[in-house]
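Given next are the chains, with one letter for each unit.
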Amino acid sequence: MKVLVTDPIADAGLDVLRDAGHDVETGYDLEGADLLEAVSDANGLIVRSGTEVTDEVLEAADELVIVGRAGIGVDNIDIDAATDNGVIVANAPEGNVRAASEHTVAMTFAAARSIPQAHIRLKNGEWAKSEYLGTELDDKTLGIVGLGRVGQEVAKKLDSLGMDLVAFDPYISEERADRLGAKLVEFEECLEAADFLTIHTPLTPETEGMIGADELDLLGDGYVVNVGRGGIIDEDALAAKIDDGVVAGAALDVFAEEPLSEDSPLLEHDDVIVTPHLGASTEAAQENVAISTAEQVNAAIAGEPVANALNAPSIDESAFPRVEPYIEIAETAGKVAAQLLDGRIETIEVTYKGEIVDEDVEFVTASALKGVFQPLEWQVNAVNAPQIAEDRGVDVTESKTRQAEDFQSLISVTVSNDDDEVSVDGTLFAGDDPRIVRVDGYRVDAIPHGKMVVTRNTDEPGVIGLIGSVMGKHGVNIAGMFNARETIGGEALTVYNVDNQVPDAAKEELESDDRIIGVNYITLNGQA
């Protein structure tokens, strides 16, 4: 498999890819038509912030499985377009958490004590001791915008130095904030309370420019520290407020446009400390990020869940072996149910019964949706199946119950519309032997592989013999047969596993018999 790397990463990451047997191609200056050509046959793409992964790039990459971002921020990747194309987007949020949090603390101290300014003047021969009266962090209030991984690490470090913590983050619980020693408050209150404000939120349309002139007025005579993402602060407004003496100073590692222009008003102020995006620039962080990204690319190409997928179900690595056998069962059940339903699919319900209810089944549910939509969509996988359901207006529900009847664990996929409903159940025998055990209420014992024929017929002598004769006449070998009925003389359902494709002539002959109520021909596991 080919993995294209378009921004430099540590050699340790490249080694992880090569050790997995991938053909690693680097192209650090690729853009435009050259990038489109290089990515056209790539199975994996690894970028940092230098490569724009646009809709055009994704459309050109027919074989692409995953885009790995060697870092946290993914504003250079069109995630919606990736989802539409069934491409996983994953980042490496853990690798540089320590480095970014330590740089934040360093920048906070630098701003509080004017360390870079005093350093420069002393190097220039000036003993300017009386001109720098610093601020102690002890007993000051730190305002944290974004209490994610980096924000939490900053909170731990500066809380231990005696700072009071307030935080704004609408996606974190008060209980978690309390454990960190932070008080959750509204955005405006966070700004008003802060002596030092540090920002650790992603750059999104909602957060872009979220700290402008009005917000800086609320901060007042405080300091702004940003080692997160550029573009969240209105840099012109910040320069103006420092110039007017409203804001005491700032320490910035990231900017709306990088490299920072020599004409930036931020460079005109002695009270603004700037560094060239060094937050993740430690040897350990770069190696950790590269290895993490490479491992996720390997997992995606191998068809395994990706730990830090942003647009696809993810699962803890230790839990994956317990649910992996159910992924194929869920996909098969979805595929069979979809092809047995007459008419448009309006609702999908995935039900888990028995011991499996204790597991993380998000990836299994996505696989069930993949199975449902695979007969309908040319390119569908566990990444874009939930989006396809939303785009089609299909309601998806997931439910769990500990009662599993005669089975240790059972997965049921039910598809329905206003007129009809079909349910298919699957389980594992002897730990890892997958079986379809119920189709639309009929108890069967079918092997979910290869090609399958499902017939509904009247329960009377000669019908099964007829089906077998027609199959044999047209050269179709029956590998297995599983029959069930409602009542004697009522309706029966039979599942046949067959070795080869059923020709049209055989289908027509079967469907012409009045005793045959319905015949469905289902191909499983991608076989033709």
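Residues numbered from 1 in each chain as written. Predicted model: local features only at pLDDT ≥ 70, side-chain atom pairs only at ≥ 80, totals over all residues. Heavy atoms only, no water.

A. The arrangement of the side chain of S367 in detail. With respect to the secondary-structure elements, S367 resides in helix α14 (residues 362-373). S367 gets classed as buried once you look at its relative accessible area, which sits at 3%. When neighbours within four sequence positions are excluded, S367 is seen to be in contact with I327, A330 and E331. (Helix = DSSP H or I, 4+ residues; strand = E, 2+ residues; numbered from the N terminus. Buried < 20%, exposed > 50% of the residue type's maximum accessible area, 1.4 Å probe, protein only. Contact = heavy atoms within 4.5 Å.)

B. Seen up close, the pairing of strand β5 (residues 88-91). Side chains I88 and A90 project from β5 onto one buried face, and the interleaved V89 and N91 project onto a second face that is buried too. Taken together, strand β4 (residues 66-69), helix α4 (residues 79-84) and β5 form a β-α-β motif whose crossover is right-handed. (Right-handed = clockwise from strand over helix to strand, strands pointing away.)

C. Representation of the packing of helix α13 (residues 320-340) against α14 in the model. Relative orientation of the contacting elements α13 and α14 amounts to 30°, with a least axis distance of 6 Å. With respect to each other, α13 and α14 are oriented roughly parallel. Once α13 is placed against α14, the crossing between them reads as right-handed. Contact with α13, carried on its side by V323, Y326, I327, A330, E331, G334, K335 and A338, involves F363, V364, S367, A368, K370, G371 and V372 of α14 and no other residues of that element. (Axes fitted to C-alpha atoms, helices over the stretch in contact; angles between N-to-C directions. Parallel < 35°, antiparallel > 145°, perpendicular 65-115°, else oblique. Left-handed = near helix turned anticlockwise from the far one by under 90°.)

D. Layout of helix α5 (residues 97-113). Between its first and last C-alpha, α5 extends 24 Å over 17 residues, near the 24 Å set by a 1.5 Å rise per residue. Of all 17 residues making up α5, 12 are buried, and the element is well covered by its neighbours. V97, A99, A100, S101, H103, T104, V105, M107, T108, A110, A111 and A112 are the residues of α5 that are buried. Positive phi shows up at S114, right after α5, with a value of about 55°. (Expected span 1.5 Å × (residues − 1).)

E. Quick look at the packing of aromatic side chains. Summed over the entire model, instances satisfying the criterion amount to 2 aromatic pairs. Judged by centre distance (5.4 Å) and plane angle (50°), the rings of F168 and F187 are tilted. With F168 in strand β7 (residues 164-168) and F187 in helix α9 (residues 187-193), this pair connects stretches of sequence that are 19 residues apart. You'll find F168 and F187 in the same group, each marked buried. Sitting over the ring of Y521, K507 keeps its end group 4.8 Å from the ring centre. (Phe/Tyr/Trp six-rings, centres within 6.5 Å; stacked < 30°, edge-to-face > 60°. Lys NZ or Arg CZ within 6 Å of the ring centre and 35° of its normal.)

F. Layout of the sheet that holds strand β20 (residues 478-485). Pairing is antiparallel across the open sheet formed by 4 strands, whose spatial order is β20-β21-β19-β22. Of all strands in the sheet, those bounded by a partner on one side alone are β20 and β22 (516-523). Each adjacent strand pair in this sheet contributes to an overall mean axis angle of 15°, direction not counted. Of the strand pairs in this sheet, strand β19 (residues 451-458) and β22 are connected by 7 bridges, and their pairing is antiparallel. Residue pairing in the sheet places V453 in a bridge with Y521 of β22. (Pairing = 2+ DSSP bridges.)

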